[in-house]
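Spelled out, the chains give:
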Amino acid sequence: MRAHIVSIAGFEPLSRSIVGKGAGPVYSAVAVAWTIALIGVAARHLTIAVDEFAMAAAIIGTPIGIGLCLQGRGFDRLATLVQGCGLFMAGCVGMTLLTFAVGTSDRPLIDSVLAAADRALIPGLDWPAAMLWLSHRHVLMTAANWVYESIGWQPMLLIVMLSLSGQHRRVWTFLTAWLGTLFVTCALFALFPGLGAYAHFGLAATDVPAMRDPTPWHQAAVLAELRAGTLLHIGFVDLDGIVTFPSFHAAAAVLLAWAASSMRAIRWPAILLNGAMLISAIPIGGHYLIDIVAGCVVAVIGISLAGKADVLAAEAYFPPSRRVSAATQLARSIVLPSSSRASR
């Protein structure tokens, strides 16, 4: 006598993960960055504008939440896009806050060492004279200002393009590399703080009238206040880059060019743009040459860390599985003799 399994269910539901493959290290890095930043703020007796940061958290958290919902629904490209943008913002804010906590350190400034390293790299280099000469080349300075500021829109645009082209793994690897590079940058900043070349050489903003970005002088002023203990309350709008060594602009240029290289259509434009951004970090960011070299090295370290994290995430990732519903299990347990079927 043969037996037949009768199923009363027409399908078996598919279980989907709301966190995409490769996104785990990014979520972990953001969580660690914020945890360390908040501990650092408390340990250094700083306070933050809770209302401002709460508003920012709500704004940044919204796309992350939407992305998780979209991932669960199967809209993978849109999910990667909005999650990626949200996590990028969350990570950058957390790491910037951490640099403020680290900036309160009383370790000696190393500007003189960095300037000496520049002279060793290029004997006879006169950094102030070079910047004063460049300040009168308005076309060059205008272009340098523009490419330097492209760090504000390049990462988001790259995340959008990679997501819409279906390169989810590249998005997560890029973000892991970005955050890993920020961690290394912050660690080096804690050990080797500096005010920047403009402050070290005594060049004021009025000496470089073609400069559109006041960051080099604002950075030095904020770091000086943090070290002196006169800046104790941090608002969201106060957050800004204060790291001289290594140059994160240089690191970002390497990361962006590397991540964009997977898209043939934008590979060379991205390489050229970011090559220019790397160079512009010297006059516009007020960096020493050695800052640029160190930034490139740090980026390579970040990419290496991201590659290893990607391999570990892939090994630990369990793809969505088909789970059998209770109704299906019940139906499969009903065993009818073939004679009963024939009698019908």
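For the structure, see preceding data.
Residues numbered from 1 in each chain as written. Predicted model: local features only at pLDDT ≥ 70, side-chain atom pairs only at ≥ 80, totals over all residues. Heavy atoms only, no water.

A. The arrangement of the packing of helix α6 (residues 138-149) against helix α12 (residues 267-280) in detail. Close contact between α6 and α12 brings their axes to 8 Å; oriented N to C, the two are set at 105°. By the criterion of interaxial angle, the relationship of α6 to α12 is roughly perpendicular. Residue-level inspection shows A144, W146, V147 and Y148 of α6 in contact with α12, the latter providing L273, A276, M277 and S280. Residues that form the contact of α6 with α12 fall into these classes: 7 nonpolar, 1 polar and no charged. (Axes fitted to C-alpha atoms, helices over the stretch in contact; angles between N-to-C directions. Helix = DSSP H or I, 4+ residues; strand = E, 2+ residues; numbered from the N terminus. Parallel < 35°, antiparallel > 145°, perpendicular 65-115°, else oblique. Contact = heavy atoms within 4.5 Å. Nonpolar A, V, L, I, M, F, W, Y, C, P; charged D, E, K, R; others polar.)

B. Local environment of the packing of helix α3 (residues 76-102) against helix α8 (residues 168-191). Direction vectors running N to C along α3 and α8 enclose 0°, while the axes themselves pass 10 Å from each other. When the axes of α3 and α8 are compared, the pair comes out roughly parallel. Of the residues belonging to the contact of α3 with α8, the class tally is 16 nonpolar, 6 polar and 2 charged.

C. Looking closely at the nonpolar core. Formed by 87 residues in total, the largest nonpolar core has its most connected members in F100, L158, F174, L175 and W178. Considering each element in turn, this core owes the most residues, 13 residues, to α3. Apart from residues lying up to four places away in sequence, L175 is in contact with V26, G84, F88 and I159. (Core = buried A, V, L, I, M, F, W, Y, C linked by side-chain atoms within 4.5 Å. Buried < 20%, exposed > 50% of the residue type's maximum accessible area, 1.4 Å probe, protein only.)

D. Up close: a nonpolar patch on the surface. Among the surface-exposed residues, L121, I122, V293, V297, I301 and L305 lie close enough to one another that they form a single nonpolar patch of about 490 Å² accessible area. With 4 residues, helix α13 (residues 289-316) is the single largest residue contributor to the nonpolar patch. Relative to the helices and strands, V297 is located in helix α13. We classify V297 as partly exposed; its relative accessible area is 47%. (Patch = residues over 30% accessible without salt bridge, like charges linked within 9 Å, V, L, I, M, F, W, Y side chains within 5 Å. Areas by Shrake-Rupley, 256 points an atom, 1.4 Å probe, with all protein chains shown as cover. Salt bridge = Lys/Arg side-chain N within 4 Å of Asp/Glu carboxyl O.)

E. Layout of unusual backbone geometry. Residue P246 follows F245 across a cis peptide bond; omega there is -5°. For P246, the location among the structural elements is in the loop between β3 (233-234) and α11 (248-260). The phi dihedral of H45 is positive, around 60°, even though this residue is not glycine. Here H45 is to be found in the loop between α1 (24-43) and β2 (47-48). The class for H45 is exposed, based on a relative accessible area of 66%.

Honestly, it's all geometry; don't read function into it.
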